[in-house]
Amino acid sequence: MGILDLDVIKEFIRLCEDGWKLGYHEYHGGNVTYRMKPEEVKEVQNFVTKPVVEWTEMEEKHTSLAGEYFLVKGAGECFRNTVVRPQDVFGIVQINKTGTEYRVLWGLEKNGRRPTSEFMPHLSIHSIKKTADAEKYRVVYHCHPENVIILSAVMPHDSKTITRALWDMEPECPMTFPTGVGILDWAVPGTVDLGRATGELMKKHDVVIWSQHGILVAGRDFDTTLGVVHTIEKSAGMLLRIRQIAGDHYDRPTEEQYRELDQIFHLHLPEEYVKG
Ligand code: 2HA
Ligand code: ZN
C-alpha cells in the first residue's frame with residue numbers, strides 16, 4: 001500500500017479527472033484545495049517522514065488554519081495529468097502552528113514544488129468557511145464551465161436575478177445551492193482584490209461566479225462540490241437554450257411554489273430570492 005492508495009487521495013484524483021472530462025479545465029485552467037480530516041492526516045503520516053520543502057512564509061496570516069493539512073493543486077499543472085502523474089499535479093501542504101508559514105510534505109514534484117498561484121485566495125475562503133462551519137466546508141474548487149461563463153456575459157451581475165434564473169430550471173437547483181449564487185464583474189485573476197471580494201461573497205454563499213472567467217465553490221466533500229458545479233452548469237445550459245427558443249416567455253415556478261418546496265425540504269431559502 002502506498003500514499004496513492006488512500007481513499008482521500010483517490011477521491012481527490014477522481015474529482016480532477018471528472019472535472020477534466022466534463023470540460024471544466026482547458027489547459028491549466030482551474031484549481032482545487034482540500035482541508036484534510038484529522039484521521040486522513042494520521043494515515044498520510046505513515047508515508048511522509050520528512051518535508052520535501054521547508055517552511056515558506058505566507059502573504060497573509062491565517063490563525064484559524066494553524067496546524068491544518070491541505071491537498072493542493074500545483075502551479076501551472078493541468079488537471080488532465082492528475083491520473084498519470086499525481087505526484088506532480090498536486091501535493092500535501094502543512095500550515096504551521098501560528099498560521100504564518102506552510103511547507104510541502106509530499107508531491108508538487110514538477111514546477112518547483114509550488115502550490116497553485118491561487119493558494120492564498122483559497123486559504124482565505126477556507127478560513128471564512130471553517131469559521132462558519134468546520135465540518136461543512138473542506139473543499140474549495142475553481143473551474144471554467146462553458147455555459148456559466150456564457151451566461152455571465154449576457155445576464156445582469158445581480159445575485160438575485162442570476163440565482164432565480166438558475167433555480168427556475170429544476171427543483172434540484174434550489175435544493176443543491178439553497179444559499180444562492182454570488183457574482184462578481186470581470187477582474188484580473190489571482191489578485192488580492194479579487195480574493196477579498198470573493199471572500200466577502202463567500203460569507204453569504206457557497207458559490208461565486210467570476211464573470212467571463214468561471215466559478216468558485218466551497219463544499220463539504222468532493223461529491224458535493226463537483227455536484228454543485230455540475231448542477232449549475234447544466235442549469236445554465238438549459239437557461240441559455242430556453243432563452244434562445246422562447247426569449248422571456250417560458251414557465252417558471254411561482255413564489256408560492258418556492259415556499260412549498262422550501263417548507264417540505266427545509267431548505268431555508270433566503271427571503272430576498274423567494275419573493276417575486
Ligand atoms: O489557471 O484558473 O483563475 C488557473 C486559473 C486561474
Ligand atoms: Zn480560472
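That block above? That's the structure.
Presented here is a report on the structure given in the accompanying data block. Note that the structure is predicted; figures quoted are calculated from it, not measured. (Residues numbered from 1 in each chain as written. Chains lettered and ligands numbered in written order. Predicted model: local features only at pLDDT ≥ 70, side-chain atom pairs only at ≥ 80, totals over all residues. Heavy atoms only, no water.)

1. Let's talk about the sheet that holds strand β9 (residues 214-219)
Ordered in space as β2-β5-β4-β3-β1-β6-β9-β8-β7, the nine strands form an open sheet in which the pairing is mixed. Two strands lie at the open edges of the sheet, namely β2 (53-57) and β7 (181-184), each paired on one side alone. Between one strand and the next, the sheet's axes are offset by a mean angle of 20°, whatever the strand orientation. In this structure, strand β1 (residues 31-35) lies alongside strand β6 (residues 139-143), joined through four bridges in antiparallel fashion. Considered in β6, the bridge of Val 32 is made with Tyr 141. The strands touched by helix α1 (residues 7-21) within the sheet are β1, β3 (69-73), β4 (90-95) and β6, with β1 carrying the most contacts at an inclination of about 160°. Each of β1, β3, β4, β5 (101-107), β6 and β9 is contacted by helix α4 (residues 119-132), which is oriented at about 40° to β1, the strand it contacts most. (Pairing = 2+ DSSP bridges. Helix = DSSP H or I, 4+ residues; strand = E, 2+ residues; numbered from the N terminus. Axes fitted to C-alpha atoms, helices over the stretch in contact; angles between N-to-C directions. Contact = heavy atoms within 4.5 Å.)

2. Observations regarding the coordination of the zinc ion (ligand 2)
All of the protein donors around the zinc ion (ligand 2) are His 142 (NE2), His 144 (NE2) and His 213 (NE2); their distances to the metal are 2.0 to 2.1 Å. Sequence positions of the residues that donate to the zinc ion (ligand 2) give the spacing H-x1-H-x68-H. On the basis of relative accessible area, His 142 is assigned to the buried category, the value being 2%. (Donors = N, O, S within 2.8 Å, 3.2 Å for Na, K, Ca; no water. Buried < 20%, exposed > 50% of the residue type's maximum accessible area, 1.4 Å probe, protein only.)

3. A few points about unusual backbone geometry
Backbone geometry places Tyr 27, a non-glycine residue, at a positive phi of 45°. Position of Tyr 27 among the secondary structure elements: in the loop between α1 and β1. Tyr 27 sits in the exposed class, given a relative accessible area of 61%. Positive phi outside glycine occurs at Asn 111, with the angle close to 55°.

4. Some details on the pattern of salt bridges
Counted under the stated rule, the structure contains 15 salt bridges. Put simply, Asp 168 and Arg 164 hold a salt bridge, and the shortest N to O gap is 3.5 Å. Arg 164 matches Asp 168 in its accessibility class, with the two residues each being buried. Put simply, Arg 259 and Glu 271 hold a salt bridge, and the shortest N to O gap is 2.9 Å. Separated by twelve residues along the polypeptide, Arg 259 in helix α10 (residues 255-265) and Glu 271 in helix α11 (residues 271-274) bring together distant segments of the chain. Judged by relative accessible area, which is 34%, Arg 259 ranks as partly exposed. Its relative accessible area of 43% is what places Glu 271 among the partly exposed residues. (Salt bridge = Lys/Arg side-chain N within 4 Å of Asp/Glu carboxyl O.)

5. Notes on the pairing of β9
Most of β9 is tucked away, with six of its six residues classed as buried. Along β9, one buried face is formed by Gly 214, Leu 216 and Ala 218 and the opposite face, lined by Ile 215, Val 217 and Gly 219, is buried too. Across five bridges, the pairing between β6 and β9 is antiparallel. Directly across from Val 139, in β9, lies its bridge partner Gly 219. Here strand β8 (residues 207-210) runs beside β9; their pairing, made up of four bridges, is antiparallel.

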